[in-house]
Amino acid sequence: MTQTSEDVTWLTQEAYTKLKEELAYLSGPAREEVTAKIAAAREEGDLRENGGYHAAKEEQGKQELRIRQLTQLLEKAKVGEAPASADGTVAPGMLVTIAFDGDEDDTTTFLLASREYASTEIETYSPQSPLGSGVIGQKVGEDAEYELPNGRKASVKILKAEPYSG
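About the criteria used
- Residues numbered from 1 in each chain as written.
- Predicted model: local features only at pLDDT ≥ 70, side-chain atom pairs only at ≥ 80, totals over all residues.
- Heavy atoms only, no water.
- Pairing = 2+ DSSP bridges.
- Helix = DSSP H or I, 4+ residues; strand = E, 2+ residues; numbered from the N terminus.
- Buried < 20%, exposed > 50% of the residue type's maximum accessible area, 1.4 Å probe, protein only.
- Phe/Tyr/Trp six-rings, centres within 6.5 Å; stacked < 30°, edge-to-face > 60°.
- Salt bridge = Lys/Arg side-chain N within 4 Å of Asp/Glu carboxyl O.
- Core = buried A, V, L, I, M, F, W, Y, C linked by side-chain atoms within 4.5 Å.
- Contact = heavy atoms within 4.5 Å.

Engineer: How should the sheet that holds strand β5 (residues 124-125) be read in this particular structure?
Structural biologist: Strand pairing in a sheet takes place through backbone hydrogen bonds and is either antiparallel or parallel in direction. Spatial strand order, β5-β4-β3-β7-β6: five strands in an open sheet with mixed pairing. Of all strands in the sheet, those bounded by a partner on one side alone are β5 and β6 (143-147). As paired elements, β6 and strand β7 (residues 153-163) share five bridges and run antiparallel to each other. By the bridge assignment, Asp143 is partnered in β7 with Lys157.

See the structure below:
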């Protein structure tokens, strides 16, 4: 199966390692802990009015959901490899430098990747964010427009787009 750039989640090595560790904990020790809580609450008797049992079952459900989310995320993850873009087209996994309203004194550089899984050292915008969706597919030198949360439009000029090397 070939993955398109929209299917891929770009992660730093630091974020990938952290998520793998979280998955290992949730799938092992944490799963055993919640199973023990359920068993202990079950021994208390009537399950219909057993708050501890219901809380433990809810915790188990949330934990299993997080395990599924992490598993799917890590299956689609690409670590430290960004797409090669010889033509300067903005794509997920790239470091992008923009100028706000075309003012080259008011610039910022960010990683276009899944925000919650990025390194704390680099400002990161999701490809689905207003700014991310506004710049994706644009080329260096082009202007891009995106919608602000208040409904107004903002424009940026793409100054640089290069693969992120981690």
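Engineer: Just checking my understanding: could you explain the pairing of strand β3 (residues 94-100) for this structure?
Structural biologist: For a regular strand, the rule is simple: side chains alternate between the two faces of the sheet. Counting buried residues in β3 gives six out of seven residues, a clear majority hidden from the surface. Bridge count between β3 and strand β4 (residues 107-112): six bridges; the pairing is antiparallel. Bridged to Ile98 within β4 is Thr108.

Engineer: Even after reading the chapter, I still don't get the packing of aromatic side chains, so can you show me in this structure?
Structural biologist: We describe a pair of aromatic rings using the distance from one ring centre to the other and the angle between the two ring planes. Considering all chains together, one arrives at one aromatic pair under this definition. Where Phe110 meets Tyr125, the ring centres are 4.9 Å apart and the plane angle is 80°; that geometry is what we call edge-to-face. Taken together, the positions of Phe110 in strand β4 and Tyr125 in strand β5 put the pair 15 residues apart, joining distant regions of the chain. Neither residue differs from the other here; Phe110 and Tyr125 are each classed as buried.

Engineer: Hey, could you run me through the pattern of salt bridges in this one?
Structural biologist: Where charged atoms from two side chains of opposite charge approach closely, those side chains can pair. Counted under the stated rule, the structure contains five salt bridges. Between Glu64 and Arg31 there is a salt bridge; the shortest N-O distance is 2.8 Å. Of this pair, Glu64 sits in helix α3 (residues 51-76) while Arg31 sits in helix α2 (residues 29-42), and the two are 33 residues apart along the sequence. In this structure Arg31 comes out as partly exposed when scored by relative accessible area, which is 30%.

Engineer: What's the story with the pairing of β7 in this structure? I'm lost.
Structural biologist: One ladder, built from seven bridges, connects β3 with β7; its direction is antiparallel. Following the sheet pairing, Leu95 is matched in β7 by Glu162. Taking the residues between adjacent antiparallel strands as the criterion, β6 and β7 are bridged by five residues, where Gly151 takes a positive phi near 95°.

Engineer: How should the nonpolar core be read in this particular structure?
Structural biologist: Within soluble globular proteins, side chains that are nonpolar generally end up buried alongside one another. Val90, Val96, Ile98, Phe110, Leu131, Val135 and Val156 are the most contacted members of the largest nonpolar core, which has 16 residues in total. Those elements that place two or more of their residues in this core are β3, β4, α4 (130-135), β6 and β7. Looking at which element gives the most residues to this core, the answer is β7, with four residues. Apart from the residues within four sequence positions on either side, Phe110 is in contact with Met94, Leu95, Val96, Ile98, Glu123, Tyr125, Leu131 and Val135.

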